[in-house]
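As a plain string of letters, each chain reads:
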Amino acid sequence: MNWRNVLLIFRREVLDQVRDRRTLFMILVLPVLLYPAMGVGIVPLIQFAEQPRTLVLLGADALPEPKLLDGEHFAGEWFRDPSDRSKLVVVSDAAIGPAEAETVTEERRRRLLETARKFRGPLERQVVLNAQFAEAVRVGDQPAMASLGEQRKALAAELSQPFAASGMQVLVVVPPDFAEHIRQMQDAAANRQVGAITTDYPRPILLRNSADEKSAMAAIRVQKVLSSWEHAILQHVLREVGLPEELPQPVNPTEVDLAAENELAANVWSKLFPALLMMMALTGAFYPAIDLGAGEKERGTMETLLICPATRTEIVIGKFFTVMLFSMATALLNLSSAGLSGKYMLSLTGGSGGLSRLGDLSLPPMTALVWVLVLLVPLSALFSALCLALATFAKSSKEGQYYLTPLLMLTLGMTMFCLSPAVEMQPFYSVLPVMGPALLLKGLLLANHQTAMLYVYVAPVLISSLGYSFLALWWAIDQFGSEEVLFREAERFDLRLWVQHLLRDKEPTPSFSEATFAFVVIMMLQFLSLRVLQAPLQSASAEERPLVMMQVLIIQQLVIIATPPLLMGVMLTASVMKTFRLHLPQLADFAAVAMLPFALHPLTLEFSASLQWFFPPLPPSVGEAMAAMSSDHLPIWLVLLTFAFAPAVCEELAFRGFILSGFRHTGRDRLAIVLSGLAFGVMHLIPQQVLNAAMLGVLLGWIAVQTRSLWPGVAFHCLYNGMEVCRNRFGKTIEVTGGWQYLFRNEGGLRYQPLLLLLCAVVAMVLLMVLARRRRQTVADSHPSVNSPLTGSPELSIPR
Amino acid sequence: MIFVEQLTKRFADLRRDGGFTALDGVSFDVQPGEIFGLLGPNGAGKTTCLRILSTVFKPTSGTALVAGYDVVTQPAEVRARIGFMSNNTGIYDRMTAYEMVQYFGRLYGIPEDLLEARIDHLFDQLQMRDIRDTLGSKMSTGMKQKVSIARTIVHDPPVLIFDEPTSGLDVLVARKVVDEIRGLRDQGKCIIYSTHIMREVEKLCHRIAIIYKGRILALGSMAELQERYGQPDMEALFFELIDRHEAEVVSAK
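Everything quoted here is computed from the prediction, not taken from an experiment.

### As for the overall build of chain B
Phase 1: Of the regular secondary structure elements, chain B holds nine helices and 10 strands.
Phase 2: What you see for chain B is a C-alpha radius of gyration of 19 Å, in line with the 18 Å of a compact globule of 253 residues.
Phase 3: When the backbone C-alpha atoms are referred to their principal axes, chain B occupies close to 60 × 40 × 35 Å.
Phase 4: When each of the 253 residues of chain B is scored for burial, the buried share is 54%.
Phase 5: In chain B, 65% of the contacts between residues at least 6 apart in sequence involve partners at least 24 apart.
Phase 6: For chain B, the accessible surface area stands at approximately 10700 Å², while carbon and sulfur atoms represent 49% of it.

### Notes on the environment of Met 414 of chain A
Residues and elements named next belong to chain A.
Phase 1: Here Met 414 is to be found in helix H13 (residues 404–419).
Phase 2: For the pair formed by Met 414 and Ala 310, sequence separation is 104 residues and the distance between their alpha carbons is 38 Å.
Phase 3: Filtering out sequence-adjacent residues up to four positions away, Met 414 remains in contact with Pro 433, Val 434 and Met 435.

### Remarks on the packing of helix H25 (residues 636–663) of chain A against helix H28 (residues 711–730) of chain A
Residues and elements named next belong to chain A.
Phase 1: Two elements in contact, H25 and H28, have axes separated by 8 Å at closest approach and are oriented at 150°. In terms of axis orientation, H25 runs roughly antiparallel to H28. Between H25 and H28 lies a crossing of right-handed hand. Residue-level contacts link Ile 636, Val 639, Leu 640, Phe 643, Ala 644, Phe 645, Pro 647, Ala 648, Val 649, Glu 651, Glu 652 and Arg 656 of H25 to Gly 713, Val 714, His 717, Cys 718, Asn 721, Gly 722, Val 725, Arg 729 and Phe 730 of H28.

### Section: H25 of chain A
Phase 1: Maximal helix bending in H25 of chain A amounts to about 40°, located at Pro 647 of chain A.
Phase 2: The buried fraction of H25 of chain A amounts to 22 of the 28 residues, a majority that puts the element mostly inside the structure.

### Concerning unusual backbone geometry
Phase 1: Cis geometry marks the peptide bond from Glu 65 of chain A to Pro 66 of chain A, where omega comes out at -5°.
Phase 2: By secondary structure assignment, the location of Pro 66 of chain A is in the loop between strand S1 (53–58) and strand S2 (69–70).
Phase 3: Although it is not a glycine, Gln 6 of chain B adopts a positive phi angle of roughly 50°.
Phase 4: If you trace the backbone, Gln 6 of chain B turns up in strand S1 (residues 2–11).
Phase 5: Judged by relative accessible area, which is 46%, Gln 6 of chain B ranks as partly exposed.

### A few points about the pattern of salt bridges
Phase 1: By the definition in use, this model includes 39 salt bridges over all chains.
Phase 2: Among the ionic pairs, Arg 215 of chain B bridges to Asp 24 of chain B, the shortest N-O distance being 3.1 Å. In this pair, Arg 215 of chain B is assigned in strand S10 (residues 215–221) and Asp 24 of chain B in strand S2 (residues 20–30), connecting sequence segments 191 residues apart.
Phase 3: Glu 112 of chain B is the partner of Arg 106 of chain B in a salt bridge, and the nearest nitrogen-oxygen pair spans 2.9 Å.
Phase 4: Given the relative accessible area of 18%, Arg 106 of chain B is considered buried.
Phase 5: It is possible to trace a salt-bridge network through shared partners that takes in Arg 12, Glu 13, Asp 16, Asp 20, Arg 22, Asp 291, Glu 296, Arg 299 and Lys 319 of chain A together with Arg 94 of chain B.

### A look at the pairing of S10 of chain B
Look at any regular strand and the pattern is simple: side chains alternate between the two faces of the sheet.
Residue and element names in this part refer to chain B.
Phase 1: Sheet analysis places strand S9 (residues 207–212) next to S10, joined by six bridges and oriented antiparallel. Within the sheet, the bridge partner assigned to Ile 208 lies in S10 and is Gly 220.
Phase 2: What sits between S9 and S10 in their antiparallel hairpin is a turn of two residues, with Lys 213 showing a positive phi close to 50°.

### Some points on the interface of chain B and chain A
Phase 1: Facing the 38 residues of chain B at the interface are 40 residues of chain A.
Phase 2: With both chains or domains summed, chain B and chain A bury close to 3700 Å², and 54% of this area falls on carbon and sulfur atoms.
Phase 3: Our count for the contact surface shared by chain B and chain A stands at five salt bridges.
Phase 4: Across the pair Arg 19 of chain A and Glu 99 of chain B runs a salt bridge whose closest N-O atoms are separated by 2.7 Å.
Phase 5: The interface formed by chain B and chain A holds 10 residue pairs in polar contact (both at pLDDT 80 or more) in total.
Phase 6: Mapped onto the side of chain B that touches chain A, the elements with two or more residues apiece are S1 and helix H3 (97–107) of chain B.
Phase 7: A per-element tally of the side of chain B that touches chain A places H3 of chain B first, with six residues.
Phase 8: For the side of chain B that touches chain A, the residue count by class is 15 nonpolar, nine polar and 14 charged.

### Notes on the domain arrangement of chain A
Phase 1: Looking at the assigned domains, one finds that chain A contains domain 1 (3–46 + 258–486), domain 2 (53–241) and domain 3 (495–782).
Phase 2: Distance from the C-alpha centre of domain 1 of chain A to the C-alpha centre of domain 2 of chain A: 54 Å.

### Details of the sheet that holds S2 of chain B
All names here are of chain B.
Phase 1: One open sheet holds the four strands; their spatial order is S2-S1-S4-S5, and the pairing between them is antiparallel. Taken across any chain shown, the strands that pair with only one partner, and hence form the sheet edges, are S2 and strand S5 (69–70).
Phase 2: Both strand S4 (residues 61–66) and S5 contribute to a ladder of two bridges, which runs antiparallel. Pairing of Leu 65 across the sheet is with Asp 70, part of S5.

### Regarding a nonpolar patch on the surface
Phase 1: A surface patch of nonpolar side chains, amounting to about 680 Å² of accessible area, comprises Tyr 742, Leu 755, Leu 758, Leu 759, Val 762, Val 766 and Val 770 of chain A.
Phase 2: For Tyr 742 of chain A, a relative accessible area of 60% translates into the label exposed.

### Quick word on the sheet that holds S9 of chain B
Picture the strands of a sheet paired through backbone hydrogen bonds; they go either parallel or antiparallel.
Residues and elements named next belong to chain B.
Phase 1: Strands sit in the order S6-S7-S8-S3-S9-S10 across an open sheet of six strands; the sheet is mixed. Of all strands in the sheet, those with a lone pairing partner are strand S6 (82–86) and S10, marking the two edges. The sheet shows a mean angle of 15° between the axes of neighbouring strands, direction not considered.
Phase 2: Where S6 meets strand S7 (residues 159–163), five bridges bridge the pair, whose relative direction is parallel. Bridge pairing in S7 links Ile 82 to Val 159.
Phase 3: Sheet strands touched by helix H9 (residues 234–252): strand S3 (35–39), S9 and S10. Its angle to S9, the strand with the most contacts, is close to 40°.

### Side note on the nonpolar core
Phase 1: Among the nonpolar cores identified, the biggest contains 162 residues, and Leu 440 of chain A together with Ile 2, Phe 28, Leu 53 and Val 147 of chain B are the most heavily contacted of them.
Phase 2: At 15 residues, the largest contribution of residues to this core is made by helix H11 (residues 366–393) of chain A.
Phase 3: When residues are assigned to domains, this core turns out to be shared by domain 1 (3–46 + 258–486) and domain 3 (495–782) of chain A, each giving three or more.
Phase 4: For Phe 28 of chain B, the contacting residues outside a window of four places in its chain are Ile 2, Phe 3, Val 4, Phe 36, Cys 49, Leu 53, Ile 192, Ile 216 and Leu 219 of chain B.

### Remarks on the environment of Leu 596 of chain A
Phase 1: Mapping Leu 596 of chain A onto the fold places it in helix H23 (residues 587–610).
Phase 2: Along the backbone, Leu 596 of chain A and Val 763 of chain A are 167 residues apart, and their C-alpha atoms lie at a distance of 8.0 Å.

### Remarks on the side chain of Ser 54 of chain B
Phase 1: Within the fold, Ser 54 of chain B resides in the loop between helix H1 (46–53) and S4.
Phase 2: Looking at Ser 54 of chain B, the relative accessible area reads 0%, which means it is buried.
Phase 3: Of the polar contacts made by the side chain of Ser 54 of chain B, one reaches the backbone oxygen of Arg 51 of chain B; its length is 3.1 Å.
Phase 4: Those residues in contact with Ser 54 of chain B, other than ones at most four positions away along the chain, are Ile 307 of chain A together with Arg 79, Ile 82, Phe 84 and Ile 161 of chain B.

### Quick look at the confidence of the model for chain A
One rule of thumb: low pLDDT means the predicted coordinates there are not for detailed reading.
Phase 1: Overall, the prediction assigns chain A a mean pLDDT of 82, with 91% of residues at 70 or greater.
Phase 2: With pLDDT under 50 throughout, residues 780–800 of chain A is counted as low confidence; its partners more than four residues away or in other chains account for 33 contacts.

### Here's the deal with H28 of chain A
Phase 1: In this model, H28 of chain A (20 residues) spans 28 Å end to end at C-alpha, consistent with the 28 Å of a helix rising 1.5 Å per residue.
Phase 2: Counting buried residues along H28 of chain A, 15 of its 20 residues qualify, which places the element largely inside the surrounding structure.

### Looking at the packing of aromatic side chains
Phase 1: Scanning all chains against the criterion turns up 20 aromatic pairs over all chains.
Phase 2: Ring geometry for Phe 417 of chain A and Tyr 429 of chain A: centres 6.0 Å apart, planes at 85°, overall edge-to-face. With Phe 417 of chain A in helix H13 and Tyr 429 of chain A in helix H14 (residues 427–430), this residue pair connects regions lying 12 residues apart in the sequence.
Phase 3: The positively charged end of Arg 152 of chain A is found above the aromatic ring belonging to Phe 133 of chain A, 4.2 Å away from the centroid.
Phase 4: Sitting over the ring of Tyr 98 of chain B, Arg 132 of chain B keeps its end group 3.9 Å from the ring centre.

### Some thoughts on the pairing of S9 of chain B
All names here are of chain B.
Phase 1: Buried residues dominate S9, accounting for six of its six residues.
Phase 2: Of the two faces of S9, the one lined by Arg 207, Ala 209 and Ile 211 and the one lined by Ile 208, Ile 210 and Tyr 212 are each fully buried.
Phase 3: The pairing of S3 with S9 spans four bridges and is classified as parallel. When the sheet's bridge partners are listed, Phe 36 is paired in S9 with Arg 207.

Cut-offs applied
Residues numbered from 1 in each chain as written. Chains lettered and ligands numbered in written order. Predicted model: local features only at pLDDT ≥ 70, side-chain atom pairs only at ≥ 80, totals over all residues. Heavy atoms only, no water. Helix = DSSP H or I, 4+ residues; strand = E, 2+ residues; numbered from the N terminus. Rg over C-alpha atoms; globule rule 2.2 N^0.38 Å. Buried < 20%, exposed > 50% of the residue type's maximum accessible area, 1.4 Å probe, protein only. Contact = heavy atoms within 4.5 Å. Areas by Shrake-Rupley, 256 points an atom, 1.4 Å probe, with all protein chains shown as cover. Axes fitted to C-alpha atoms, helices over the stretch in contact; angles between N-to-C directions. Parallel < 35°, antiparallel > 145°, perpendicular 65-115°, else oblique. Left-handed = near helix turned anticlockwise from the far one by under 90°. Bend = angle between axes of the 7 residues up to and from the residue. Salt bridge = Lys/Arg side-chain N within 4 Å of Asp/Glu carboxyl O. Pairing = 2+ DSSP bridges. Buried area = accessible area lost by both parts, 1.4 Å probe. Polar contact = N/O pair within 3.5 Å; in protein donor to acceptor, adjacent residues only side chain to side chain. Nonpolar A, V, L, I, M, F, W, Y, C, P; charged D, E, K, R; others polar. Domains from an automatic or database assignment. Patch = residues over 30% accessible without salt bridge, like charges linked within 9 Å, V, L, I, M, F, W, Y side chains within 5 Å. Core = buried A, V, L, I, M, F, W, Y, C linked by side-chain atoms within 4.5 Å. pLDDT = per-residue confidence, 0-100. Expected span 1.5 Å × (residues − 1). Phe/Tyr/Trp six-rings, centres within 6.5 Å; stacked < 30°, edge-to-face > 60°. Lys NZ or Arg CZ within 6 Å of the ring centre and 35° of its normal.

Take a look at the structure:
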């Protein structure tokens, strides 16, 4: 590669973007103006956000001392934060002087009280009904419960509409002689006449509609007020009796909050920065990428560039660095602008309200900011390469824009998942794209004592993220090298023609997109079946469960994994034999492959056991399946059928048959094998199995290509899974004695010793070499037919 | 300089069984100091053929050598030795004429001092001093075409490929372009020129190939073709060949 060309292209593209006003606006001007503007707009909104709610109180004259109301509000002393007083407006039937009527006009007051009085009757009926219903429940009178329940519902429905239209959010009805009852109770208590204390008097009624957010919020405030008022009444009694006022609060703990101001700020930053960084690194990459990819096609300069001496790789890398520069610049500008504006706006609010606890919102320490920068590099690289590949694929800027939404949703989804407090860094997450950096950043920005433990994850996060970036870049280069992609013509999509073409121009094996579609269908069905197939399992009794589980698993294999590719194979390809590789293999190939599982099973088992720490714990359903596999209650043939035979046939048909054949249509066998292996891994969904299955998938793919037949793979799969079933079922009971101890050990299950693993490795190597050798000979023997229809017709290029 | 043998290019097409054959066993060669004309209607395969020669497309089968290098196995060598201009090779909107030519000169690896002299010379020759600092988006079609020509010949390539360079131009600009190309021929360049305009072919080309539906129907110098088919008028000859080909296709069915 000529780096001089890369630099030339990079410089030109940057210049081009800088001269584009739209790009400059999006990347430089918008973030610098947006956050301060948002701040200016939001501060008044926060301060005046909560509108006062209206409460109507009937029977104000029956309120006991101390004084609950103060003009049009509750008295300030009943609020923990006296500034909350103005958030509730009380319209009561107590006479108030004209000076006190601040907000409610006389007309409105009259109307509200009138409406409220109409509610009084039904409300009191409702209370009676409630009491009767509770009594019916207590004695277990079913018919009474049903009829009372109906009446209650009807009454509530009758109240609901007028209440919503009334303009009040809460209604409190105080019974007429409420003050009198309280006074009697207090007197009785004061005179120590315990027998005369009666609590069985009518209580105030509070009407709200908790489905209406305003009403619910107001009701919560009213209840808090009433509760502190009630407490004051109780204290009065205690004082009269001569008991300490704190008596009703024997526990009441004293709170000590260790959070320093900067830690609260760190908490804010650890949420805000990762989210903003992901979003902005992506948007910052997206718009320039569209311009550099689809835009270049649209403006007719793509061909000019393609005929210059720079290679396609140099062009892509030059463009990639341009996109990355803008992605990083956008992310950093947004971050600093958001950080500084946030800090400034908070200092303006002068530490009032809930935000004051954040102190001066001090910015994260320098080291954390350096980490932001370090992690931004692989993130930007990944987004830039992805966007560039998509932009190259798109034939117009408009089409390119369509790809932004799914990309953004996916990234946002992953980021939001990471920001949830319950999600913490663990080995498996650290190697995932986007999530690894997001979690690491979240932890590092918190800057607390746990941060030190996170440094072990830095290397895996950086290495895997860079790996993903390289993969994405490789894809972008691949896109750029494909004339079908570069010269896609704007063609009217005609569904009828397309279906006709699919069914008419059948090739011996499926196309790449048909194979991809088959995989997507399998994954979708897996997802949908989660519920459908769980249902019979949940309704089964405990002793039936293992049996039902076996049935469900077999059905899943047949319906979800085998059926879609089989149907597609019959409908869309000309040769079912070739698509599914149903030809018989050579005997020697078959024998070599059939011996392979005996050597590989111990190796893979010990390998995945040694990686157990790396993955999140297994979901309970898998544990149950494992238990069912090893339980002695089920006949062994059923277990073998479920876990060995059915998957061997179904999964091989799908993944080494249809999907691998389709992927090989690209003419690149190695890529096809790796892709089909990865697809096979992903299909297993559970992280532990994904890795193992992906590796075996690659091996099985290679075997299928080498032996040109599905059957050796089926045999391998069946034997491999069969060995695992037998190990689980019989391994526990086997006593390892004598010389066997050099080969096996029993650790709650049969395990293998290093010596045996070494032997297995040697045998596996030999078998694999034999297989690799045999293929070369057969190729040499039958050279003319190698390019035969197996790979379809590679010379046919498809402008999509 | 250009050697093409049995060149075939097929694209998949939903409407046609077995795909669409844009180029079907085309063979010809072009010598230095010669202008070779590809004459054919729209969709005849001219652009596909020239895109293969400029290494943008890969042929489905057949060979093409440009300046002694294979377009499939040595594309970089080929690209360094050709100048390619078509109505699909636009110029950048946000670059001035000078920057545009300089950028491509640098990509061709011309040393800075040489490049500067070369661009000066080209700007004089093409009379584009006054648009030196004009952005591409502000240029008229004629100005853009001049910049494209300057871009095409900035590295003084031995082989030049022009794909309908005059299409969409008014007569004045078209005539200027044709004059430039004639000047390049006089410098001994090997030039391949595709068009659907008979007059240009008559004026410019030493030899022509009449191409229709991906096949070459006739190939030779103007005089040879007139003699072979006994038809002195170029336009009449063109229509006659196409009619004859259609008749053959019908009878073959």
